[in-house]
Amino acid sequence: MKRSNIFLVVLFFCSGFIVAQDSKIDYQKLVKKFIENVKNDKKEAIADAVVYPLERVYPIPDIANKADFIKRYSEIFDTPLKNEIIKSTPEKGWTDMGLRGIMLIQGNIWLDTEGRLTAVNYQSKAEIELKNKLIASQKKNLDPSIAFFQDPVCILETSKFKIRIDHLGFNNYRYASWSIQKEMTEKPDLVINGGVLVVEGIGGNHQYEFKKDGDVYECAIIVLGEKNSPPARLKIYKGKKVILSQDAEIIAN
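The model shown is predicted, which means the values in this text are computed figures rather than measured ones.

Participant: Whenever I open this one, the environment of Glu44 confuses me. Can you help?
Facilitator: One can find Glu44 in helix 2 (residues 43-48). On the accessibility criterion, Glu44 (48% relative accessible area) is partly exposed. Distance from Glu44 to Tyr73, taken between C-alpha atoms, is 9.9 Å for residues 29 residues apart in sequence.

Participant: Looking at this structure, how should I read the pattern of salt bridges?
Facilitator: Here the idea is simple: oppositely charged side chains can pair when their charged atoms come close. A complete count under the given rule lists 14 salt bridges for this structure. Notably, a salt bridge pairs Asp112 with Arg116, separated by 2.7 Å at the nearest N-O pair. We classify Asp112 as buried; its relative accessible area is 12%. For Arg116, a relative accessible area of 36% puts it in the partly exposed group. In this structure, Asp247 and Arg233 form a salt bridge, with 3.3 Å as the shortest nitrogen-oxygen distance. Note that Asp247 is positioned in strand 12 (residues 241-252) and Arg233 in strand 11 (residues 232-238), a separation of 14 residues in sequence.

Participant: Is there a simple way to explain the environment of Pro231 in this structure?
Facilitator: Locating Pro231 in the fold gives a position in the loop between strand 10 (215-221) and strand 11. Residues Pro231 and Asp247, spaced 16 residues apart in sequence, show a C-alpha to C-alpha distance of 7.9 Å. Non-local contacts of Pro231, meaning those with residues more than four positions away in its chain, are made with Ala220, Ile221, Ile222, Ala248, Glu249 and Ile250.

Participant: I tried to follow the environment of Ile221 on my own but got confused; where do I start?
Facilitator: Along the chain, Ile221 turns up in strand 10. Under the relative-accessibility criterion, Ile221 is labelled buried at 7%. When the C-alpha atoms of Ile221 and Ala248 are compared, they prove to be 9.1 Å apart, with 27 residues separating the residues in sequence. Beyond its immediate chain neighbours, meaning those up to four positions away, Ile221 contacts Cys154, Leu156, Gly204, Asn205, His206, Tyr208, Pro231, Ala232 and Ile250.

Cut-offs and rules
- Residues numbered from 1 in each chain as written.
- Predicted model: local features only at pLDDT ≥ 70, side-chain atom pairs only at ≥ 80, totals over all residues.
- Heavy atoms only, no water.
- Helix = DSSP H or I, 4+ residues; strand = E, 2+ residues; numbered from the N terminus.
- Buried < 20%, exposed > 50% of the residue type's maximum accessible area, 1.4 Å probe, protein only.
- Salt bridge = Lys/Arg side-chain N within 4 Å of Asp/Glu carboxyl O.
- Contact = heavy atoms within 4.5 Å.

Structure, rendered in structure tokens:
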């Protein structure tokens, strides 16, 4: 190899190494700032660096804005989670996941590449109690035929149907639907048990599939789609033929 080519290779390698080092230093600065804000309970500073809405486990409402975050701060950042964050260091406990952001431990906390809080995948005791209370309230308002489930998953609405999907446990999902004119407190027009969750790649798209009398009912949740993609879609297949396809809004999830 010519000396000039060797020089270019070395220069390229060194430049890449410097960029990687700079990137590492940058993300460590972002993490350090976040840790200090949590340690000193700087709610406003943290709230200013949140990507809203901050999702919570359904049926707990998502955190809509800064005022909502500050109000519910202690409900989310309880002592165990705060200790986990405070005891961590930018060098230990946090992982740079590239464009996906920076995560703490196994993903309890996610920051984006600008240091903004994008996810808290942790439930405090207060949130667990709130979730159980909200689930109990839902069960009380449902028809007895479907007033049993482990976790509610989502509620969808198409132009013709209202659809409720619940997790019954052990990867067993239930589909219940009503005509759009009916209230969901009434007995469902159709109930299908034994549904499964199908996850597509790492983009977040997933679907719930249910089988009845040879037909397949597919409720797709579209996280990453084309520009005009709906939030969700209901499709019914008879064999390989689509006999119904309706865009859906996600009313709750």
